[in-house]
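Here are the chains, one letter per residue:
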Amino acid sequence: MRRIQKITVKAENMKHKSGPAAKPRCPRCRLHLELCICGQAPAFDLATKAVVIMHYAEERRKSNSGRLAGLVLKNSEIFLRGLQDGPATPEPSEKYPNPLVLFPGAGSQELNAGFLKTISRPITLILADGNWNQAGPLVKREPLRKEAIKVHLPPGAPTRYRLRNAQEAEGR
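Residues numbered from 1 in each chain as written. Predicted model: local features only at pLDDT ≥ 70, side-chain atom pairs only at ≥ 80, totals over all residues. Heavy atoms only, no water.

What should I look at first to understand the overall build of the protein in this one?
Looking only at helices and strands, one finds 4 helices and 7 strands in the protein. Mapped in sequence order, the helices and strands of the protein form the string β-β-α-β-β-β-α-β-α-β-α. Within the protein, the fraction of its 172 residues that count as buried is 35%. Residue pairs at least 24 apart in sequence account for 73% of intrachain contacts in the protein once pairs closer than 6 positions are excluded. Carbon and sulfur atoms make up 53% of the accessible area of the protein, which amounts to about 11,300 Å² in all. (Helix = DSSP H or I, 4+ residues; strand = E, 2+ residues; numbered from the N terminus. Buried < 20%, exposed > 50% of the residue type's maximum accessible area, 1.4 Å probe, protein only. Contact = heavy atoms within 4.5 Å. Areas by Shrake-Rupley, 256 points an atom, 1.4 Å probe, with all protein chains shown as cover.)

Here you go:
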């Protein structure tokens, strides 16, 4: 796994796979330059440290939510998992000694105000970025998560937007 460093690629060099006629993309948000959100993206300075463990296949996707989290969360780090060239893994931190891993499933606790009252501060929140088949092994193999408590988000307000139903997501 390697840590994603500050991106220094020039926007004009960010071409989509389809060839030289493709529109250039922003190196930070990966959107076409005319759709770039970097100037409008809010910056959140949280007491919680966010550590995104990203599957290597997600890095180049323009729909990459892990990269967007890194863009808006000042206190965050992104690490790539699944590359052959060297294990640069996030280390436990004395400054953020209480790790939580956001991953729904058996044994995870709801991340709500009542639960947070039982956890010492500051917190490191570990986030897996990938599809279900990628995220499961990311979480299982990550050394930092061995001491982490598995948590899931509380149910949100009803919505008409749907990628998959909750039973399918919990069954993975």
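When you look at the nonpolar core in this model, what are you seeing that I'm missing?
What tends to happen in soluble globular proteins is that the nonpolar side chains get buried as a cluster. Residues Val52, Leu100, Phe115 and Val151 are the most contacted members of the largest nonpolar core, which totals 16 residues. Looking at this core, the elements with two or more residues in it are strand 2 (49-55), helix 1 (65-72), strand 3 (76-81) and strand 6 (123-129). Residues Val51, Phe79, Val101 and Ala148 belong to the second largest nonpolar core, which totals 6 residues. (Core = buried A, V, L, I, M, F, W, Y, C linked by side-chain atoms within 4.5 Å.)

Mind showing me how you'd approach the pattern of salt bridges here?
Under the defined criterion, the tally for this structure stands at 2 salt bridges. The salt bridge partner of Glu34 is Lys23, with a shortest N-O separation of 3.2 Å. Note that Glu34 is positioned in the loop between strand 1 (2-3) and strand 2 and Lys23 in the loop between strand 1 and strand 2, a separation of 11 residues in sequence. Note that Lys49 is salt-bridged to Glu77, the shortest N-O span being 2.8 Å. One end of the pair, Lys49, is in strand 2; the other, Glu77, is in strand 3, and 28 residues separate them in sequence. Summarising the burial analysis for this pair, Lys49 and Glu77 share the class buried. (Salt bridge = Lys/Arg side-chain N within 4 Å of Asp/Glu carboxyl O.)

Looking at this structure, I do not really get unusual backbone geometry. What am I missing?
Backbone geometry follows two general trends: most residues other than glycine have a negative phi, and most peptide bonds adopt the trans configuration. The residue after Arg121, namely Pro122, is reached through a cis peptide bond having omega -10°. Within the fold, Pro122 resides in the loop between helix 2 (113-116) and strand 6.

Mind showing me how you'd approach the side chain of Ser108 here?
Assignment of secondary structure puts Ser108 in the loop between strand 4 (98-102) and strand 5 (109-110). In terms of polar contacts, Ser108 uses its side chain to reach the side chain of His152, at 2.7 Å. Beyond its immediate stretch of four places on either side in the chain, Ser108 contacts Phe103, Lys150, Val151 and His152. (Polar contact = N/O pair within 3.5 Å; in protein donor to acceptor, adjacent residues only side chain to side chain.)

Where do I start with the confidence of the model for the protein in this structure?
In regions of low pLDDT, the predicted coordinates are not meant to be interpreted in detail. With 70% of its residues at a pLDDT of 70 or more, the protein shows a mean pLDDT of 76. For the stretch residues 1-16, pLDDT sits under 50, and the model shows 50 contacts to residues farther than four places along the chain or on other chains. (pLDDT = per-residue confidence, 0-100.)

I'm lost on the environment of Arg25 in this one. Help?
For Arg25, the position within the fold is in the loop between strand 1 and strand 2. With relative accessibility at 8%, the residue Arg25 sits in the buried group. Along the primary structure Arg25 and Leu35 are separated by 10 residues, whereas in three dimensions their C-alpha atoms are 8.9 Å apart. Engagement of the side chain of Arg25 in a polar contact is seen with the side chain of His32, the distance being 3.3 Å.

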